[in-house]
Amino acid sequence: MDQIKVFLSEDEMPRQWYNIAADFPHAVPPPVSPDGKPIGPEQLAPVFPMNLIEQEVSTQRWIDIPEEVLQILWQWRPSPLCRATRLEKALKTPAKIYYKNEGVSAAGSHKPNTAVPQAYYNKQFGIKRLTTETGAGQWGSSLAMACQMFGLECKVYMVKISFTQKPLRKIMMQTWGAECIASPSNTTNAGRAILAADPDCPGSLAIAISEAIEDCVTSKNTRYALGSVLNHVLLHQTIIGLEAKKQFAKINTYPDIVIGCAGGGSNFAGLSFPFLADKIAGTKNPRVIAVEPAACPKMTRGKFAYDSGDVAMMTPLLPMYSLGHTYVPAPIHAGGLRYHGMAPLVSHAMREGLIEAVAIPQLECYRAAMLFSQTEGFIPAPETSHAIAMAIREANQAREEGKEKVIVLNWSGHGIMDLTGYQAYLEGKLTDYVLPDSEILKAEECLKDLPKPPPLS
Ligand SMILES: *Cc1c(COP(=O)(O)O)cnc(C)c1O
């Protein structure tokens, strides 16, 4: 019988994170201010604690995971690497499909992998309170849980459309002791400015980030926490791929294709960067695919540019594929993928030619999620369904070519809190939304006066 689940013992668990910045053939461009000057660590200090800033700018290949963080991660880690044999059967494919199940954490996604160390490092630095934004609520709930574990206060600005569509996540945050309000709110200057222009604004991550940062810099003993995009966040997520490599080694297998859905890029990077280490070293050559929604196609149709992470331009300018910080994405159900920019490290991997990007429309993703649920049982988050849809495309192609390929996807979270999206799908109320070209032109307009990133060197 084929082995369908691979375990690791506690002493086989990774004890260091992998920092891909040490290995890229070309240097990643630095963050800059609007005048084009590189941003130094001290300029980030009002927003992040210095111990996390050190990780943000580090080019050291391996970084130790603190013992207190490991103790918590081990509650649900290693996450299972499972073979989706019944899905393979339904697809009549010779491909082997594996999924790394990050839905087993208490919050139900990969996000606690970074929420826990972020809360830990802030606590170490003497911080008492964290502010943040959340889209679908996965990040807000993960940070709420981590703050509770380390005795920090937590305030979450939740994108209004998700606040309405996903009320249960708010209850999770409150259960873990956090305060959660809908964004745009009238409690910040950034929020009030947006509401004055558009009282019905559905919100966006870029708006919620502005509110959370404004709250942070105007409050005492407070720092801000981001759930994706930044280097230190992607670093913390590499535990996923480091475990997966060990799990594959145990069954003498190596994936031909590595797939992750990509919102800000953290779960995709978490699974794929340890495999990219082998690709950069020239020892292996997997295809690595980032999947984004057709409604928010920053890598496939956006521009590589310096852009702000938020609408009020409170963050430094980051070198990333972007649809422009003023972009308000269509309210598709995969809330966690509705962000205008892609992590600088993932954007850089794209420029280096190490990864591919594909955009998939919402309905194909829900069909994939239905098939996965009906074969493997676990109901995926709408974000995760993008990775599943891509794995299904590759498995179908393997059947047509009669090739045995090994596919691994990051099963980034479960969808038990996102059933309203499934309800809309089951009732036939969902439609596909492909971003019109006029929106791409708006992005170009939004980016045109910002400094330009240098060519690869
Ligand atoms: C937040 C989230 C994502 C998207 O965020 P990334 O930083 O791109 O990983 C994907 N899947 C789930 C389940 C999420 O909660």
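Within each chain, residues carry numbers counting from 1 in the order of the written sequence. Reporting in this predicted model follows two pLDDT cut-offs: at least 70 for local features of residues, and 80 or more for side-chain atom pairs to be given and counted; totals over whole chains, interfaces and linings ignore these cut-offs and use all residues. Side-chain metrics rest on all non-hydrogen atoms present in the structure, leaving aside hydrogens and water.

Visitor: Looking at this structure, I do not really get the site of the ligand. What am I missing?
Guide: Any residue with a non-hydrogen atom lying within 4 Å of a molecule or strand is treated as near it. Around the ligand, 19 residues are found, and the nearest of them are Lys111, Ser228, Gly263, Ser266 and Asn267. Residue Gly263 places a main-chain N or O atom 2.6 Å away from an oxygen atom belonging to the ligand. Contact distances for the ligand include 2.7 Å between an oxygen atom and a side-chain N or O atom of Ser266. In these tables, accessible area is a Shrake-Rupley quantity obtained with a 1.4 Å probe, and a residue counts as shielded only by the protein chains included in the view. Taken by itself the ligand offers 380 Å² of open surface, and the protein chains cover 97% of this. In this analysis, the protein atoms alone were mapped onto a 1 Å grid. Cavities are point sets where a 1.4 Å probe fits without being able to get out; pockets are open sets with protein on both sides within 12 Å along at least five of seven lines; lining residues have an atom within 4 Å of a point. Criterion for pocket placement: a molecule counts as inside a cavity or pocket if more than half of its atoms are within 2 Å of its grid points. Spatially, the ligand is embedded in the largest cavity. The class makeup of the residues in the shell around the ligand is four nonpolar, 13 polar and two charged. We call two N or O atoms a polar contact when they sit within 3.5 Å, provided that within protein one can donate a hydrogen and the other can accept it, with sequence-adjacent residues counted only if both atoms are side-chain atoms. Residues were grouped as follows: Ala, Val, Leu, Ile, Met, Phe, Trp, Tyr, Cys and Pro as nonpolar; Asp, Glu, Lys and Arg as charged; and all remaining residues, including Gly, as polar.

Visitor: In this structure, what is going on with the pattern of salt bridges? I would like to understand it.
Guide: Should their charged atoms come close, side chains of opposite charge can pair. We define a salt bridge as a contact between a side-chain nitrogen of Lys or Arg and a carboxyl oxygen of Asp or Glu at a distance within 4 Å. All chains considered together, the criterion is met by 23 salt bridges. Among the ionic pairs, Arg83 bridges to Glu88, the shortest N-O distance being 2.7 Å. Of the two residues, Arg83 and Glu88, both sit in the buried class. Glu179 serves as the salt-bridge partner of Lys155, at 3.8 Å between the closest nitrogen and oxygen. Here Lys155 is found in strand β7 (residues 153-159), whereas its partner Glu179 is found in strand β8 (residues 179-183), with 24 residues between them in sequence. Given the relative accessible area of 10%, Lys155 is considered buried. Three labels apply to residues, based on accessible area from a 1.4 Å probe with only protein chains included: buried if under 20% of the type maximum, exposed if over 50%, partly exposed otherwise in between. Given the relative accessible area of 44%, Glu179 is considered partly exposed. Elements are defined by DSSP. Helices are runs of H or I of four residues or more, strands are runs of E of two residues or more, and each kind is numbered from the N terminus.

Visitor: I keep staring at the sheet that holds strand β1 (residues 5-6) and nothing clicks. Help me out?
Guide: Where strands meet in a sheet, backbone hydrogen bonds hold them as pairs that are either parallel or antiparallel. Only strands that DSSP links by at least two bridges are regarded as paired with each other. A sheet is described by the order of its strands in space; here seven strands give the open sequence β1-β4-β5-β15-β10-β11-β14, paired in mixed fashion. If you trace the sheet from one side to the other, it starts and ends with β1 and β14 (356-360), each paired once. Where strand β10 (residues 257-261) and strand β15 (residues 406-411) come together, three bridges link them in parallel fashion. Across the sheet, Val258 pairs through a bridge with Val408, a residue of β15.

Visitor: Which parts of the structure should I look at to understand the packing of helix α6 (residues 138-150) against helix α8 (residues 167-175)?
Guide: Geometry of a packed helix pair, given as the angle between the helix axes and the separation of the axes. Note on geometry: axes are C-alpha line fits, over the in-contact stretch for helices, and angles between N-to-C directions span 0 to 180 degrees. Running from N to C, α6 and α8 point in directions that differ by 10 degrees, and their axes come no closer than 8 Å. On the basis of the axis angle, α6 is roughly parallel to α8. Here Gln138, Gly140, Ser141 and Ala144 of α6 come into contact with α8, specifically with Arg169, Met172 and Met173. The class makeup of the residues in the contact of α6 with α8 is three nonpolar, three polar and one charged. For classification purposes, an angle smaller than 35 degrees is called roughly parallel, one larger than 145 roughly antiparallel, one from 65 to 115 roughly perpendicular, and anything else oblique. By definition in these notes, contact holds between two residues if any of their heavy atoms fall within 4.5 Å.

Visitor: So what exactly am I meant to see when it comes to the environment of Lys111 here?
Guide: Residue placement: Lys111 occurs in the loop between β5 (96-101) and α5 (112-124). Since its relative accessible area comes to 14%, Lys111 is described here as buried.

Visitor: So what exactly am I meant to see when it comes to empty space enclosed by the protein here?
Guide: Grid points are joined across faces, edges and corners, and a volume is the space filled by probe spheres set on the points. If you walk through the whole model with that rule in mind, you get two cavities of 30 Å³ or more. Its volume calculated, the largest cavity comes out at about 370 Å³. Along the wall of the largest cavity there are 31 residues; nearest its centre are Lys111, Gly227, Ser228, Gly264 and Gly336. Contributions of two or more residues to the lining of the largest cavity are made by β6 (129-134), α6, α10 (205-217) and α13 (266-281). Classifying every residue of the lining of the largest cavity by side-chain character gives ten nonpolar, 18 polar and three charged. By volume, the second largest cavity is sized at about 60 Å³. Lining the second largest cavity we find Gly135, Val159, Ile161, Gly203, Ser204, Leu205, Pro329, Gly335 and Arg338. Residues of the lining of the second largest cavity, tallied by class, amount to four nonpolar, four polar and one charged.

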